[in-house]
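Examination of the molecular architecture
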Amino acid sequence: VRGAGHLPDAEMQKIASEMNYSETTFILSEEEKDGGYDVRIFTPGEEVPFAGHPTLGTAFILRQEVLARPVERLSLNLKAGKIPVTFGEVLWMEQLPPVFSDTLDSALTARAFGLDEADIDDRYPVQEVSTGLPFIVTPLESLDALKRCRIDQERYSELVAGREARAILVFAPEPHDEDNVLSARMFAPALGVPEDPATGSANGCLARYFVEHRYLGTDSIDIRIEQGYEIGRPSLLYLRARRSDGEISVSVGVKVQMVARGELL
């Protein structure tokens with residue numbers, strides 16, 4: 001939503017609820033401030049400090065519609081911090097330094113998805129990870145287990161009670177399409193998002209998780225991962241991460257295309 005600087009919080013939340021996408025962004029000013037453009041992000045349920053795909057889509061609009069000229073890079077000033085985006089055939093977003101938090105009980109996590117504990121890959125932890133928005137990252141044993149995930153609302157509520165992370169990313173070591181590496185799904189009912197077809201913020205956490213725990217056996221990754229197949233909205237994300245001097249840098253890439261334009265009255 002352009003020209004949103006005058007909108008009160010409640011109005012932005014109502015618009016996001018009416019749009020009913022996983023997230024709606026509001027461009028507060030079309031002039032750079034402190035090296036970036038001020039943007040806020042709302043799910044249908046509440047405001048969030050950071051989200052990946054809306055950041056990349058909004059950067060595309062700022063370049064295409066606001067600046068109306070080619071630039072190689074621009075930044076968004078989000079509540080979580082400044083997020084730079086680099087343009088090319090794929091738009092790349094540099095995420096904030098990742099933070100690892102608690103590990104969770106795999107049995108409780110499995111029950112939240114109607115799975116057996118044996119469906120969780122116990123070689124790796126179920127763990128909270130954040131690059132501006134926290135997720136519970138959950139490794140599964142198989143694509144079959146990923147396909148069988150169904151939120152049990154009571155168990156889900158029990159799992160996220162009292163936690164900063166209320167969104168869950170589950171992933172499997174098999175793709176639907178052999179050209180890709182892995183498959184993932186993301187659920188966040190508490191944020192008003194039953195299931196998201198593509199989640200850049202969560203997959204940034206996943207990229208960090210892969211390097212931290214050497215899930216793919218290396219200290220760097222450059223892979224493609226699938227999401228959204230189970231809800232009929234297949235999506236493809238590009239993940240890069242590398243460890244250098246004890247720090248892990250993370251970038252998430254997607255391709256962006258304008259599909260609609262409208263006017264709010």
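Refer to the preceding data block for the structure.
In this text the structure is predicted, and so the values were computed from the model without any measurement.

Rules used throughout
- Residues numbered from 1 in each chain as written.
- Predicted model: local features only at pLDDT ≥ 70, side-chain atom pairs only at ≥ 80, totals over all residues.
- Heavy atoms only, no water.
- 1 Å grid on protein atoms, 1.4 Å probe; cavity = no way out; pocket = protein on both sides within 12 Å on 5 of 7 lines; lining within 4 Å.
- Points joined across faces, edges and corners; volume = space filled by probe spheres on them.
- Helix = DSSP H or I, 4+ residues; strand = E, 2+ residues; numbered from the N terminus.
- Nonpolar A, V, L, I, M, F, W, Y, C, P; charged D, E, K, R; others polar.
- Buried < 20%, exposed > 50% of the residue type's maximum accessible area, 1.4 Å probe, protein only.
- Polar contact = N/O pair within 3.5 Å; in protein donor to acceptor, adjacent residues only side chain to side chain.
- Core = buried A, V, L, I, M, F, W, Y, C linked by side-chain atoms within 4.5 Å.
- Patch = residues over 30% accessible without salt bridge, like charges linked within 9 Å, V, L, I, M, F, W, Y side chains within 5 Å.
- Areas by Shrake-Rupley, 256 points an atom, 1.4 Å probe, with all protein chains shown as cover.
- Salt bridge = Lys/Arg side-chain N within 4 Å of Asp/Glu carboxyl O.
- Lys, Arg positive; Asp, Glu negative; His and termini not counted.
- Charge placed at Lys NZ, Arg CZ, Asp CG, Glu CD.
- Arc of directions from axis to C-beta.
- Contact = heavy atoms within 4.5 Å.
- Expected span 1.5 Å × (residues − 1).

With that settled, the discussion passes to the layout of surface pockets. Roughly 1,700 Å³ of volume is contained in the largest pocket. Lining of the largest pocket is provided by 40 residues; of these, Tyr21, Glu23, Gly57, Val259 and Ala260 occupy positions nearest its centre. Those elements giving two or more residues to the lining of the largest pocket turn out to be β1 (24-27), α2 (52-67), β12 (193-196) and β14 (235-244). In terms of residues, the lining of the largest pocket owes the most to one element, α2, which gives seven residues. Considered class by class, the residues forming the lining of the largest pocket number 20 nonpolar, eleven polar and nine charged.

In this fold, Gln127 is placed in strand β8 (residues 126-130). Overall, Gln127 belongs to the buried group, its relative accessible area being 8%. Of note is the side chain of Gln127, whose polar atom sits 2.9 Å from the side chain of His213.

The biggest cluster of nonpolar side chains holds 55 residues, and the ones touching the most others in it are Phe171, Leu206, Tyr209, Phe210, Ile221 and Leu239. Tallying contributions element by element places helix α6 (residues 200-212) first for this core, with seven residues. Counting residues in hydrophobic clusters, the runner-up holds 22 residues, among them Leu108, Phe113, Leu115 and Ile136.

On to a negative patch on the surface, then. A cluster of acidic residues, Asp105, Glu117, Asp122 and Glu141, forms a negative patch on the protein surface. Note on placement: Asp105 falls in the loop between β7 (99-104) and α3 (106-112).

Moving on to the pattern of salt bridges. This structure, assessed with the given rule, holds 21 salt bridges. Between Arg155 and Glu158 there is a salt bridge, with the nearest N and O atoms lying 3.7 Å from each other. Here Arg155 and its partner Glu158 are both found in helix α5 (residues 153-160), three residues apart, which amounts to about one turn of the helix. The exposure class of Arg155 is partly exposed, given its relative accessible area of 31%.

Here the focus is helix α1 (residues 9-19). Residue pairs spaced three or four apart in an α-helix point in one direction, given the helix's 3.6 residues per turn. All buried positions along α1 are accounted for by Met12, Gln13, Ile15 and Ala16. Summarising the axial view, the buried residues of α1 lie within an arc of 160°, below the 170-degree limit, and thus occupy one face. In α1, the exposed positions that point more than 90 degrees away from the buried face belong to Ala10, Lys14 and Glu18. Contacts made by the buried residues of α1 are with β1, β2 (37-42) and β3 (47-48). Phi for Asn20, located one or two positions after α1, is positive at around 60°.

The next subject is empty space enclosed by the protein. In this approach, a probe sized like a water molecule rolls over the atoms, and the result shows the empty space that is left. According to the stated counting rule, one finds one cavity of 30 Å³ or more in the structure shown. Reported here for the largest cavity is a volume of approximately 70 Å³. In terms of lining, the largest cavity is formed by 13 residues, of which the most central are Glu23, Leu133, Met186, Leu191 and Val193. Breaking the lining of the largest cavity down by element, the ones donating at least two residues are β11 (182-188) and β12. Across the lining of the largest cavity, the residue classes tally to seven nonpolar, four polar and two charged.

Here we come to α2. Its 16 residues give α2 an end-to-end C-alpha distance of 21 Å, which sits within 8% of 22 Å, the value for a rise of 1.5 Å per residue. Here α2 has its buried residues at Gly52, Pro54, Thr55, Leu56, Thr58, Ala59, Phe60, Ile61, Leu62 and Val66. Looking one or two places after α2, you find Ala68, whose phi comes out positive at around 55°.

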